[in-house]
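# Descriptive analysis of the structure
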Amino acid sequence: MRHRAGGARPVAALNPPPRWCVCALLVLGGVACARAQVSGSVAVLSDYRYRGASLDGERPALQLNLSWDTGSGAYAGIFASNVRFDDAPHGALQGIAYAGYAGRLDSGWVLEAGAEYSAFTRHRARDYPELYAGLIAGEFSARLSWSPHYFGQEAVAYGEVNATHPLDDDWRLLLHFGVLDVLGGHALRYGHEIVDARIGAAFDWKGGTLDAGWTDSSRETPLYPFAHDDARRALVFSYSRPF
């Protein structure tokens, strides 16, 4: 989830959409034409935390996700959220287009692989692609991701494990652990490994999900040049609702 931006500009003066947006629309349009199942959700968060770092200056965020699932394993989607860079007087938008395939094994486990591209308004130098592969086994999942220039900077790999444990019919315990490893030539500048973890609980309420979680990371890194006050730890609340 960066160079200095100027003041607010009229819509007509913004950079033209990157080519990945056009490709994403073509892919998503093709999936939709294949009679895929379309779903979406909207979420409000007290802080947009991504891999332990705040991408919105520890301010509230509004997020939208649309996804297409063919039912045969192929899927695609788009995600959008507000963000705030540390050297910009105004906020920006992040858009992510993703596509992948998930196949079920005889054991019941699910293997998945895919790619995504993240882009930012006013900060195109921070756009980056990412490839991933993962395993899903019931309420446990693990994923390994790789980017050649993470947030427009160094090559990184990120490994994570996530688990969900039902407490009763409405409550769920949420656990996350991840490690980011800088692979590029400036690893000493950014530091090699950055660990992040999260523990939280989710509650089904009024057709949506309330979520509260405590997140922590091992240290700060200039890989995430977003507005923040050096707070590595935070209690984050969110409410998401499908449509």
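Every value quoted in this text rests on a predicted model; they were computed, and no experiment measured them.

## Concerning the pairing of strand β11 (residues 171-182)
Relative to β11, strand β10 (residues 156-166) runs antiparallel, the two being bridged by 11 bridges. Bridge assignment links Glu-160 to a residue of β11, and that residue is Gly-178. Hairpin remark: β10 followed by β11, antiparallel, with 4 residues in the connecting loop. Here β11 runs beside strand β12 (residues 193-205); their pairing, made up of 11 bridges, is antiparallel. Among the inter-strand pairings, Phe-177 is bridged to a residue of β12, identified as Ala-197.

## A closer look at the pattern of salt bridges
Between side chains of opposite charge, pairing is possible as soon as their charged atoms come close. Inspection of the entire model under this criterion finds 6 salt bridges. Between Arg-172 and Asp-204 there is a salt bridge, and its shortest N-O distance comes to 3.1 Å. Of the two residues, Arg-172 is situated in strand β11 and Asp-204 in strand β12; the sequence distance between them amounts to 32 residues. For Arg-233, the salt bridge goes to Asp-216, with nearest N and O atoms at 3.2 Å. Taken together, the residues span a long stretch of sequence, with Arg-233 in the loop between β13 (208-217) and β14 (234-242) and Asp-216 in strand β13 at a distance of 17 residues.

## Observations concerning the nonpolar core
Membership of the largest hydrophobic core comes to 22 residues, with the highest contact counts inside it found for Tyr-150, Phe-151 and Tyr-224. Residue assignment for this core shows that the elements contributing at least two residues are β5 (74-83), β6 (92-104), β10 and β11.

## Concerning the packing of aromatic side chains
One pass over the structure, following the stated rule, counts 10 aromatic pairs. Each ring, one from Phe-85 and one from Phe-120, has its centre 5.5 Å from the other, and the planes form 80 degrees; the classification is edge-to-face. Of this pair, Phe-85 sits in the loop between β5 and β6 while Phe-120 sits in strand β7 (residues 110-120), placing them 35 residues apart in sequence. Residue Phe-120 is classed as buried on the basis of its relative accessible area of 1%. When the ring of Tyr-128 is compared with that of Tyr-150, the centres are 5.3 Å apart and the planes differ by 70 degrees; the resulting orientation is edge-to-face.

Thresholds applied
- Residues numbered from 1 in each chain as written.
- Predicted model: local features only at pLDDT ≥ 70, side-chain atom pairs only at ≥ 80, totals over all residues.
- Heavy atoms only, no water.
- Pairing = 2+ DSSP bridges.
- Helix = DSSP H or I, 4+ residues; strand = E, 2+ residues; numbered from the N terminus.
- Salt bridge = Lys/Arg side-chain N within 4 Å of Asp/Glu carboxyl O.
- Core = buried A, V, L, I, M, F, W, Y, C linked by side-chain atoms within 4.5 Å.
- Buried < 20%, exposed > 50% of the residue type's maximum accessible area, 1.4 Å probe, protein only.
- Phe/Tyr/Trp six-rings, centres within 6.5 Å; stacked < 30°, edge-to-face > 60°.

None of this, on its own, says anything about what the molecule does.
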